[in-house]
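# What the coordinates show
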Amino acid sequence: ETKIGVLALQGGVAEHLNHLNQIENVRAVAVKKPEELNSCLGLIIPGGESTTMRKLIKDYDFKKAIKDFNQQQKVIWGSCAGLILLAAEIEGENEEQLALLDIKVKRNAFGSQLDSFIEKDIIPKVSTDPQELVFIRAPLITEVAENVEILYQKEDQIAAVESEYIIATSFHPELTDSTIFHQYFIEKVKSLSN
Ligand code: GLN
């Protein structure tokens, strides 16, 4: 059984738990205290409001715990606000981040004319079928370092990336009917935990 935590301070926790628990041999738990990370092999930082979540991460002493978790080569997936918190740099903000992923992001900037929209497209590494990509006031990835692979981009707008121990998406696979992206995450968790 693969135990996965979903950071449960704020945001779309239930949807991720629900998707993870549909996958065979996966048990998903809501993580509310840093020590609950110890028994998890992977972690999802959900979408929500990154400013609020950052404050709660600080208040609940999660920063070091999350950084240590990743240091132990355990995989973290950040979706939307989660992506923002993982980024090394946020345009126009100098608040300290988890900074576990060497990218630069711009908040509320993907498909900047629209607040929210759905794309249907193929993410080649994840699936050969088109997937629904749900964007909600989504962050745009504006720069990626050499050690970061681009998983999906639309024209020059980057929306999904992966590094050795991190996955980050601007969009919300947990708000679709498909568990394919969660399965992709689980495969990465498993490949690093043996
Ligand atoms: N716009 C939000 C932020 O900047 C992220 C939106 C989301 O997670 N759906 O925190």
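Bear in mind that the values here come from a model prediction, so they are computed numbers and not experimental data.

Parameters and conventions
- Residues numbered from 1 in each chain as written.
- Predicted model: local features only at pLDDT ≥ 70, side-chain atom pairs only at ≥ 80, totals over all residues.
- Core = buried A, V, L, I, M, F, W, Y, C linked by C-beta atoms within 7 Å.
- Buried ≥ 20, exposed ≤ 12 C-beta atoms within 10 Å, placed from the backbone.
- Helix = DSSP H or I, 4+ residues; strand = E, 2+ residues; numbered from the N terminus.
- Contact = placed C-beta atoms within 7 Å.
- UniProt positions renumbered as here; feature names shortened; annotations may be inferred.
- Arc of directions from axis to C-beta.

Core analysis: the biggest nonpolar cluster contains 57 residues, and Ile76, Leu86, Leu101 and Ala168 have the highest contact counts within it. Residue contributions to this core peak at five residues, all from helix α4 (residues 81–86). Setting aside residues no more than four positions away along its own chain, Leu86 makes contact with Ile45, Ile76, Gly78, Leu98, Leu100, Leu101, Ile166 and Ala168.

All right, on to the UniProt feature "binding site: L-glutamine" (unreviewed entry) in the chain then. In the UniProt entry, the feature "binding site: L-glutamine" (unreviewed entry) is given for Gly48, Glu49, Ser50, Arg107, Ile136 and Arg137. Look at the named residues: they lie 90 residues apart in sequence, but the longest C-alpha span between them is just 12.9 Å, so in the fold they bunch up. Residue position: Gly48 is located in the loop between β3 (42–45) and α2 (50–59). Gly48 has contacts with Gln10, Gly11, Gly12, Met53 and Ala81, leaving out every residue within four places of it along the chain. Contacts of Arg137, omitting those with residues within four sequence positions, involve Asn108, Asp115 and Ser116.

So, on to α2. Inspection of α2 places Ser50, Met53, Arg54 and Ile57 among the buried residues, and these make up the whole buried set. The buried residues of α2 occupy an angular sector of 105° when projected down its axis, which confines them to one face. Where the residues of α2 are buried, they touch α3 (62–71) and α4. Following α2 by one or two positions, Asp61 adopts a phi angle in the positive range, close to 60°.

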